[in-house]
Every structure is written in C-alpha cells, then in structure tokens.
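# Report on the structure
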Amino acid sequence: MELMFTEEQLMMRKMVRDFAQTEIAPKVESMENGEFPRDILAKMGELGLMGITTPEQYGGANMDFTSYIIAINELSRVSATIGVILSVHTSVVTNLILYFGNEEQKQKYVPKLASGQYLGAFCLTEPSAGSDAGSLKSKAVKDGNNYIINGSKVFITNGGEADVYIVFASTDPTLGSKGISAFLVEKETEGLVIGKDEHKMGLHGSRTVQLNFDNMIVPAENLLGQMGDGFKIAMANLDVGRIGIASQALGIAEAALEEAITYAQHRYQFGKPISNNQGVGFKLADMATAVEASRLLVYRAADLRTKGLTCGKEASMAKLFASKTAVEVTTEAIQVFGGYGYTMDYPVERFFRDAKVTEIYEGTSEIQRLVISKHLNK
Ligand code: CAA
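Residues numbered from 1 in each chain as written. Predicted model: local features only at pLDDT ≥ 70, side-chain atom pairs only at ≥ 80, totals over all residues.

An unreviewed UniProt entry annotates the protein as Acyl-CoA dehydrogenase originating from Viridibacillus arvi. Under the Catalytic activity (unreviewed entry) heading, UniProt states for the protein: "a 2,3-saturated acyl-CoA + A = a 2,3-dehydroacyl-CoA + AH2". According to the UniProt record, the Cofactor (unreviewed entry) comment for the protein is "FAD". (UniProt positions renumbered as here; feature names shortened; annotations may be inferred.)

## Thoughts on the overall build of the protein
The helix and strand tally for the protein stands at eleven helices and ten strands. For 378 residues, the compact-globule estimate of 2.2 N^0.38 gives 21 Å, and the protein sits close to it at 21 Å. In terms of overall dimensions, the protein has C-alpha extents of about 80 × 45 × 40 Å along its principal axes. By residue count, 51% of the 378 residues in the protein fall in the buried class. By sequence separation, contacts in the protein at least 24 residues apart represent 73% of the contacts at least 6 residues apart. (Helix = DSSP H or I, 4+ residues; strand = E, 2+ residues; numbered from the N terminus. Rg over C-alpha atoms; globule rule 2.2 N^0.38 Å. Buried ≥ 20, exposed ≤ 12 C-beta atoms within 10 Å, placed from the backbone. Contact = placed C-beta atoms within 7 Å.)

## Notes on the UniProt feature "domain: Acyl-CoA dehydrogenase/oxidase C-terminal" (unreviewed entry) in the protein
As recorded in UniProt, the sites labelled "domain: Acyl-CoA dehydrogenase/oxidase C-terminal" (unreviewed entry) are residues 228-376. A helix fraction of 76% and a strand fraction of 3% characterise residues 228-376, whose end C-alpha atoms lie 27 Å from each other.

## Considerations on the UniProt feature "domain: Acyl-CoA dehydrogenase/oxidase N-terminal" (unreviewed entry) in the protein
The positions that UniProt labels "domain: Acyl-CoA dehydrogenase/oxidase N-terminal" (unreviewed entry) are, in the present scheme, residues 6-117. Along residues 6-117, the helical share is 72% and the strand share 0%, with 30 Å between the first and last C-alpha atoms.

## What about the site of the ligand?
Contacts to the ligand come from 24 residues, most closely from Gly134, Thr157, Met235, Tyr361 and Gly363. Counting residues per element, the ones that place at least two in the shell around the ligand are α5 (80-100), α7 (230-266) and α11 (365-376). With six residues, α7 is the single largest residue contributor to the shell around the ligand. Residue classes in the shell around the ligand are distributed as 13 nonpolar, seven polar and four charged. (Near = placed C-beta within 6 Å. Nonpolar A, V, L, I, M, F, W, Y, C, P; charged D, E, K, R; others polar.)

## Re the nonpolar core
With 118 residues, the main nonpolar core has Phe183 and Val298 as its most contacted residues. Examining the composition of this core, we find that 18 residues originate from one element, α7, more than from any other. Apart from the residues lying within four places of it in its own chain, the contact partners of Phe183 are Ala140, Tyr147, Ile149, Val167, Ala169, Val218, Asn222, Leu223 and Leu224. (Core = buried A, V, L, I, M, F, W, Y, C linked by C-beta atoms within 7 Å.)

## Observations concerning the domain arrangement of the protein
The domain boundaries assigned to the protein delineate domain 1 (7-115), domain 2 (120-228) and domain 3 (232-377). With centres defined by C-alpha atoms, the gap from domain 2 to domain 3 works out at 30 Å. Along the lines of polarity and charge, the residues of the side of domain 2 that touches domain 3 split into six nonpolar, three polar and no charged. (Domains from an automatic or database assignment.)

## Re the pairing of strand β4 (residues 164-170)
Among the seven residues of β4, seven are classified as buried, and the element is accordingly described as predominantly covered. Judged by which residues are buried, β4 turns out to be covered on both faces: Val164, Ile166, Phe168 and Ser170 on one side and Tyr165, Val167 and Ala169 on the other are all buried. Pairing geometry for strand β1 (residues 120-123) and β4, over four bridges, is parallel. Paired with Phe122 across the bridge in β4 is Ile166. One ladder, built from seven bridges, connects β4 with strand β5 (residues 180-186); its direction is antiparallel. Opposite Phe168, over in β5, you have Ala182 as the bridge partner. (Pairing = 2+ DSSP bridges.)

## Overview of α11
Counting along an α-helix, one turn takes 3.6 residues, and residues three or four places apart therefore face a common direction. Taking 1.5 Å of rise per residue, the twelve residues of α11 would be expected to cover 16 Å, and the 16 Å separating its terminal C-alpha atoms lies within 8% of that figure. For α11, the set of buried residues is Ile367, Gln368 and Val371. Angular distribution of buried residues about the axis of α11 spans 105°; they occupy a single face of the element. Opposite the buried face of α11, by more than 90 degrees, sit the exposed residues Glu366, Ser373 and Leu376. Taken together, the buried residues of α11 touch α9 (312-337). (Expected span 1.5 Å × (residues − 1). Arc of directions from axis to C-beta.)

## Focus: the packing of helix α4 (residues 65-78) against α5
Running from N to C, α4 and α5 cross one another at 155°; their axes reach a closest spacing of 7 Å. By the angle class used here, α4 and α5 are roughly antiparallel. Residues Tyr68, Ile72, Leu75 and Ser76 of α4 form the contact with α5, whose own contacting residues are Ala80, Ile82, Gly83, Leu86, Ser87 and Thr90. Residues belonging to the contact of α4 with α5 are distributed by class as follows: six nonpolar, four polar and no charged. (Axes fitted to C-alpha atoms, helices over the stretch in contact; angles between N-to-C directions. Parallel < 35°, antiparallel > 145°, perpendicular 65-115°, else oblique.)

Below, the structure written as structure tokens:
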C-alpha cells in the first residue's frame, strides 16, 4: 500500500498523524461531551487542512484528492467527529462551489472556506426526502432580485456552526428532480432558522441540526450553477463525497483493529495472552483482512478521482464495503475486549457508536447498492 503513495502524500500523512495525536486526541473527551471542536478546526485551517484540495489561487494547499482522503483517514482514526466535519466541508461544500460556482462566488467564499474562517454545510435531506432526495419539497420563488425560500431540512451536518450553507430547493415543482436548484446561503440570512440539535448515538462533537427556511431571502446572484441543475450538482458531488465517508469508516475500523490487537496481546487468561487462542486470533485475522480490503477499495476510488477519471461506481463500492467493515470490526473489537469493551473506559464503544452512521449518511448502504447496480446495467 505504501508504494501507491508519493513522497508528498507520505509526508502529509505523517503531518496529519502527528497533528491528530498531539492536538485532537487530548480533546476527544470534551468532544464526546458535546463540545464543538472550533479550536481544532482553526488549527487545521492554519495547517492547510480545511482547503487541502483547493487551488492556491483560492488560498488552498492545492494537494491532490488522494492526499485529502489520506487526511480524512488519519483524522478519523483518532476522531470520526473531525473526519465528518472535514469531509462535508470539503467534498460537498468547497468542492461544489469550485466546480459549479461562478468566479465571483468562488472569490467570495472559497478562500474563507479554505482558511477555516468559514465552515460549510450541505442541505439536501428533508423530513420526507431522505434516500429519495429528488422528491424534496423546499421551494424557491423568484421575487425581483431575490429568491424567497420556504421549507425545512433535517440531519444537516455542521448546521448551526457553519457560515455558508448550500441549500437545495425546487424552483419548479412540476419538473420533479429537474426543477431543483442550488443556492449559497450565508449564516446571517434573514429567515434561516436553526432548529433542533439532534442527540445522536455517536459523533458527539459534530453538530447535526434541523433547519427551517421561513421566507428566507436569498439574493438571485447566489444561485449556484444553472437553474434546474441542483439535483445533478448534488449527485455528482455525492459521487466523490462518498469516498470521504468511506475513508472515515476505514479510519474507525483501523483504530478498532489496532486497539483489539493490543488488548488481545496484553490480556492474559488461562495463563496466556488471549491472542494466542485461535478463537481470538482468527477473529483478528478476519478483521485485519476486511480492513485491508476496505483500504484497497478506498484508495482505488481516490486514485481514480485524482487521475480525473469517473469513480461513481468505485466510490459507492468503497463506501458500501468500508462502512460494513467499520460496523463489523468495531462490533468484534468490543467482543475481544469482553466486559471492558462495553464500558466507556476504553475507546472501542465509541468506535462502535461512530461506525454505524457511515452505513447511513451520504446515501445508505441500500442506496450504494442501487447506484452500483445502475452502473452494472449501463
Ligand atoms: N451524477 C450526475 N447526475 C446524476 C447522478 C450522478 N451521480 N445520478 C443521477 N443523476 C441525474 C440522472 O442522470 C438524471 O438526469 P437525466 O434524466 O437528465 O439523465 C437525474 O439525475 C435523475 O436521476 P435518477 O432518476 O437516477 O434519480 P433518482 O431520483 O432515482 O435518485 C438516487 C437516484 C441514487 C437514489 C439518489 O436520490 C440518491 O443518491 N439518494 C441518496 C441521497 C443521499 O445520498 N443523501 C445524502 C445527504 S448528504 C449527507 O448525508 C452528508 C452528511 O451529513 C455526512
């Protein structure tokens, strides 16, 4: 695997690994208690991690996509909370503006997102439009030089903390998903109401909120891309975004595997380390094999993206497999730890709680299978 990475990517990996150990690990507990990691994000901004793939002309680090995936992977080994915050901010906000924004929009938002001054949120999901994202109900009506948007969103990662929101709303409900458009919405916008902050099973340091648009006034110049292109914009970016979540899942699984191996080597029962028992050793072997397979799928998809090749099928495969592996490996890690694994004295219960959502957000595993099967039928 090392052979696939360039010198630059390996240096970046070391830098992120060191940063995660020194700056993030000591804050894991406060994040578990619900503290949003503003200070960590600010430091990540200084290191160039908030704009890792952003071109230099917009204030970014101008690194390749694989470097970004390495960063998510390394960060998520220590904190999946940090992994998801960065993944959403980069994959489906900054990159979306870079690909579909006009020059003025890029100049206005991207440097601030790249420096970490601004945090981004992606607002697609609605109470009655989850997997069926194309059926969303939020409406945008043109009124002079503005759009008036009404509706609501749920499960918005970074919501409430974010400074810029990409909001999907229908500009022509008669056209279904072809009537959806995308808008750039700033935090202080009149009519943007931050709703309930969800109490989640895991990722306690990340924010997941409901949003309400109550006659929200958005300047017409904040339309992102062409009118009616919103659904395609969302889908195209999710294709790539899913590699980020796959990498987050990989990081969680790697961390759980590492903990389980160390514990099994040091836990003595019947006069020997439990890792010497085949019941445990074979379990660890299966966990390590699944993690390695996930790693190959994740970096294969990332490599395609880095080379500018299509990667929708491979991204969905990576997310499907890596998230399944994360759930299975974290479950087995608790089993290796026995009773101790069920307590909050060890991190494996956190890994287990954080892993589950990787099978749900940015498209459930069932949706990934749908996407993969559509590609197979092409
Ligand atoms: N790229 C570009 N265009 C695409 C596309 C893609 N990947 N997928 C579909 N489209 C286009 C199609 O070409 C089609 O346009 P044409 O008719 O002009 O060809 C149009 O979009 C409609 O396509 P479909 O009929 O295939 O769309 P659908 O309504 O059946 O939905 C789906 C497809 C894959 C199920 C999609 O709705 C989907 O991905 N659902 C899951 C939603 C999701 O992932 N939500 C994540 C929310 S964000 C999040 O979770 C972030 C977080 O917090 C971590």
